[in-house]
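# A look at the structure
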Amino acid sequence: MEPGWLVLLISLFVQMFFTVLLVAPLPSNAVRGFLVEAVQSLTEKPGVKYAVWGTLALNIFYFWYTIEGLTHMGRDLGILSPVEYAISCEAKQDMFRQERNALICGASLFLWFVLRRLVDIQGKLHESRDAQGGGRRAHGGRAHGDARRQAR
């Protein structure tokens, strides 16, 4: 495996880990706040920031390089081509490798955008629940649902 693909594969696994971490159900808002703060502080470090942008640039380059693997999938599999245009096994192997690499790049690009949005959403959710929790304490410790049930 080429070093560039190894870097992209490792970055894909790191992105998957952080995505699962941010999407997983959390036991409390304090844990959510700690997690969001940890991820945000990690991404603000200059070395991490340059590494993320560097892998994004590498990812875009490799995706552009392998996009041909996704343009003729039906023909390459032999589904849409006549028998006299048969493709050798070695050529099919190269096409499948290109297709696999394009899918790795596409998944990594997709997760890059999802992670940026997830950190933002989780941060806003943490702030919202903190503000809502402050309102509960002002009402004598009762939740808003309890106050509505007692009013009936």
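These notes cover the structure that comes with them. (Residues numbered from 1 in each chain as written. Predicted model: local features only at pLDDT ≥ 70, side-chain atom pairs only at ≥ 80, totals over all residues. Heavy atoms only, no water.)

## Topic: the layout of surface pockets
In this structure, the largest pocket encloses a volume near 630 Å³. In terms of lining, the largest pocket is formed by 20 residues, of which the most central are Thr 43, Val 48, Val 52, Trp 112 and Leu 115. Put simply, the parts of the chain that give the lining of the largest pocket at least two residues each are helix H1 (3–23), helix H2 (29–44), helix H3 (46–66) and helix H5 (89–138). Residues that form the lining of the largest pocket fall into these classes: 12 nonpolar, 5 polar and 3 charged. When its volume is computed, the second largest pocket comes out at roughly 180 Å³. Lining the second largest pocket are 10 residues, with Glu 2, Trp 5, Arg 97, Arg 100 and Asn 101 sitting closest to its centre. Only H3 and H5 provide two or more residues apiece to the lining of the second largest pocket. With 5 residues, H5 is the largest single contributor of residues to the lining of the second largest pocket. The residue makeup of the lining of the second largest pocket, split by class, is 3 nonpolar, 3 polar and 4 charged. (1 Å grid on protein atoms, 1.4 Å probe; cavity = no way out; pocket = protein on both sides within 12 Å on 5 of 7 lines; lining within 4 Å. Points joined across faces, edges and corners; volume = space filled by probe spheres on them. Helix = DSSP H or I, 4+ residues; strand = E, 2+ residues; numbered from the N terminus. Nonpolar A, V, L, I, M, F, W, Y, C, P; charged D, E, K, R; others polar.)

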